[in-house]
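Spelled out, the chains give:
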Amino acid sequence: MENTMHDRALSTHQKWTIASTSAGFALENMDVMFLSFALSSIIADLHISGAQAGLISSITNLGMLVGGILFGILADRFGRVKIFSHTIFIFAFATAAMAFASNIHLIYLFRFIAGIGAGGEYGVGIALIAENFAHNKIGKMTSLAAIGGQVGAILAAVAAAFIIPTLGWQALFVFGLIPVALTYFIRRHLHESDEFLAAKHAPKADRQPVQIRSLFKTPQLAYQTLALMVMVIVQIAGYFGLMNWLPAIMQQKLGLTVAGSSVWMIATIVGMSIGMLTFGSILDYFGPRRAFGIFLIASAIAVFSITLAFNQFTLVLAGAVIGFFSNGMFGGYGAVISRLYPTEIRSTANNVIVNVGRAIGGFSSVAIGFLMDHYSLVVVMGFLSVLYLISFTVMLTIPSFRKLGQVNEA
């Protein structure tokens, strides 16, 4: 009877863990996407240049890198739950502060602070999932949490459509305070995992120091960390490149129109969400080499094949297929990193690797914009395809991926 009650309590805590992290990722992405939908209004209202507007995203990504490093280390030292709620507070209040930004300098400041909170949240949330679910469930659970980010994008689009035309772009950012309510439920229903507590109370001589250099302490570990960074850079580059530029590319180069790009965006997001669930299940069952191998090769083919789109239907279909493969992998990185690095540096590893990928991969929009100005659609899509093939090649060289697959098969 006692065991049954314990299992039921554990199951309840697992549900709160996945619900809280999914909601956190959704609300974080909602706040981040507010900027995308409000950017044209901000440019017109504050009379800023395109270059100044483009720098907002880069500054946000820089904040994510700083926050990822800072809060990854703090979460590994002081606990996941407390730090997770702190990161939500930071990006929520910084987003709401945008409503009072009267010049571009304040926007830079508030987006940098919001980036600090958003960048810190990712690795802490992934660590919470990794330490509360069995190894053969982590891929599916992290992918499920990543779907929350796509839900956030949809919420941002709906909110922007209703609020900006009537109340203005400043009012949209006030809704960034919504995530604050989530922190109440996190503190009330979540507690540190037994795995983290055991590592925290281990003899001092057995503990691994919480330092960034711990990710590079041996040549093999250094290569693993750098290789994973390359893979995440490609992942983020593909995401920003496709979501920011592809609708415009299709309209400009092929003369196609998708009203407000909304149909294409919805199809792509639906494809992403289904792809994330599918990838997570494949990862848990077959291991990372097969899962990433299938999706990376398919992404290279799917991205290049969009040059064959000839009407609105084929464009929307291509968007769904590309979303399925290219962005279906995103949740898998947290699962793999969580299994390759020990509990003591798990949040740090996730945040450093993923946020370096964000900081560098986010510049893909600049690269694709340059290619659009000087080359054909075939060259632009070929560039993205080559990136996925590079990631595939790098993935094959990571020895620990093979070992994870062998464990799963066993």
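That block above? That's the structure.
A. Up close: helix α2 (residues 50–78). Over its 29 residues, α2 extends 42 Å from the first C-alpha to the last, a length consistent with the 42 Å expected when each residue adds 1.5 Å. Positive phi shows up at G79, right after α2, with a value of about 125°.

B. View of the side chain of R80. Within the secondary structure, R80 sits in helix α3 (residues 80–97). Among the residues examined, R80 registers a relative accessible area of 0% and is labelled buried. In this structure the side chain of R80 is engaged in a polar contact, spanning 2.4 Å, whose partner is the side chain of D76. Of note is the side chain of R80, whose polar atom sits 2.5 Å from the side chain of E131. Those residues in contact with R80, other than ones at most four positions away along the chain, are A75, V124, A127, L128, E131, E192, F196, T343, R346 and S347.

C. Up close: empty space enclosed by the protein. Throughout the structure, instances matching the rule amount to two cavities of 30 Å³ or more. In this structure, the largest cavity spans a volume of roughly 70 Å³. When residues of the lining of the largest cavity are traced back to their parent elements, those giving at least two are α5 (138–167), α10 (262–286), α13 (330–340) and α17 (399–409). Among the residues making up the lining of the largest cavity, the classes are represented as six nonpolar, three polar and two charged. Taken as a whole, the second largest cavity encloses approximately 40 Å³ of empty space. E28, D31, V32, T60, F91, T95, R111, A114, G115 and A118 together form the lining of the second largest cavity. Counting residues per element, the ones that place at least two in the lining of the second largest cavity are α1 (2–46), α3 and α4 (104–130). Ranked by residue count, the leading element in the lining of the second largest cavity is α4, at four residues. Class assignment for the residues of the lining of the second largest cavity results in four nonpolar, three polar and three charged.

D. Summary view of the pattern of salt bridges. Tallied over the full model, the rule gives five salt bridges. The closest approach of N and O atoms between R80 and E131, which form a salt bridge, is 2.5 Å. On the criterion of sequence distance, the pair formed by R80 in helix α3 and E131 in the loop between α4 and α5 is long-range, its members being 51 residues apart. The pair formed by R80 and E131 is uniform in burial state, with each residue classed as buried.

E. A look at the environment of G357. One can find G357 in helix α14 (residues 346–361). Put simply, G357 and A237 are 120 residues apart on the chain and 8.3 Å apart in space, counted from C-alpha to C-alpha. Sequence-distant contacts of G357, that is, excluding residues within four places in its chain, are made with V232, I233, I236 and G362.

F. A look at the environment of S22. Within the secondary structure, S22 is located in helix α1. Note on S22: relative accessible area 15%, which makes it buried. Taking the C-alpha atoms as reference points, S22 and A146, separated by 124 residues in sequence, lie 6.7 Å from one another. The residues contacting S22, other than those within four sequence positions of it, are L144, A145 and G148. Among the polar contacts made by the side chain of S22, one reaches the main-chain carbonyl oxygen of I18 at a distance of 2.8 Å.

G. Fine view of the packing of aromatic side chains. The final tally for this structure, using the stated rule, is 13 aromatic pairs. Judged by centre distance (5.0 Å) and plane angle (80°), the ring pair of F279 and F295 falls under edge-to-face. Here F279, found in helix α10, pairs with F295, found in helix α11 (residues 288–305); they are 16 residues apart in sequence, far enough to count as distant. With respect to burial, F279 and F295 carry one shared label: buried. Consider the rings of F295 and F324, whose centres lie 5.7 Å apart with planes at 20°: the pair is stacked. Taken together, the residues span a long stretch of sequence, with F295 in helix α11 and F324 in helix α12 (residues 312–326) at a distance of 29 residues. Grouping residues by exposure puts F295 and F324 together as buried. Chaining the aromatic ring pairs together yields one cluster made of F279, F292, F295, F324, F325, Y333 and F401.

H. Geometry of the nonpolar core. Within the largest apolar cluster, 74 residues are counted, with the highest numbers of intra-cluster contacts made by L228, M231, F292, M329, Y341, Y388 and F401. It is helix α9 (residues 219–254) that provides the largest number of residues to this core, a total of twelve residues. With residues up to four places along the chain from it excluded, the contact list for M329 reads Q235, F279, F292, F295, L296, S299 and Y388. Judged by nonpolar contacts, the second largest core, of 43 residues, contains L27, L35, I83 and F173.

I. Focus on α11. The first and last C-alpha atoms of α11 sit 25 Å apart over 18 residues, in line with the 26 Å expected at 1.5 Å per residue. Listed in full, the buried residues belonging to α11 are P288, A291, F292, G293, F295, L296, A298, S299, A300, A302 and V303.

J. Broad picture of the packing of α5 against α13. At a minimum axis distance of 7 Å, the contact between α5 and α13 shows a crossing angle of 135°. When the axis of α5 is compared with that of α13, the two are oblique. Regarding α5 and α13, the two cross each other, and that crossing is right-handed. Between α5, through I138, G139, T142, S143 and A146, and α13, the contact on the second element is made entirely by F330, G331, G332, A335 and R339. Here the contact of α5 with α13 is composed, by residue class, of four nonpolar, five polar and one charged.

Reading guide: rules and limits
- Residues numbered from 1 in each chain as written.
- Predicted model: local features only at pLDDT ≥ 70, side-chain atom pairs only at ≥ 80, totals over all residues.
- Heavy atoms only, no water.
- Helix = DSSP H or I, 4+ residues; strand = E, 2+ residues; numbered from the N terminus.
- Expected span 1.5 Å × (residues − 1).
- Buried < 20%, exposed > 50% of the residue type's maximum accessible area, 1.4 Å probe, protein only.
- Polar contact = N/O pair within 3.5 Å; in protein donor to acceptor, adjacent residues only side chain to side chain.
- Contact = heavy atoms within 4.5 Å.
- 1 Å grid on protein atoms, 1.4 Å probe; cavity = no way out; pocket = protein on both sides within 12 Å on 5 of 7 lines; lining within 4 Å.
- Points joined across faces, edges and corners; volume = space filled by probe spheres on them.
- Nonpolar A, V, L, I, M, F, W, Y, C, P; charged D, E, K, R; others polar.
- Salt bridge = Lys/Arg side-chain N within 4 Å of Asp/Glu carboxyl O.
- Phe/Tyr/Trp six-rings, centres within 6.5 Å; stacked < 30°, edge-to-face > 60°.
- Core = buried A, V, L, I, M, F, W, Y, C linked by side-chain atoms within 4.5 Å.
- Axes fitted to C-alpha atoms, helices over the stretch in contact; angles between N-to-C directions.
- Parallel < 35°, antiparallel > 145°, perpendicular 65-115°, else oblique.
- Left-handed = near helix turned anticlockwise from the far one by under 90°.

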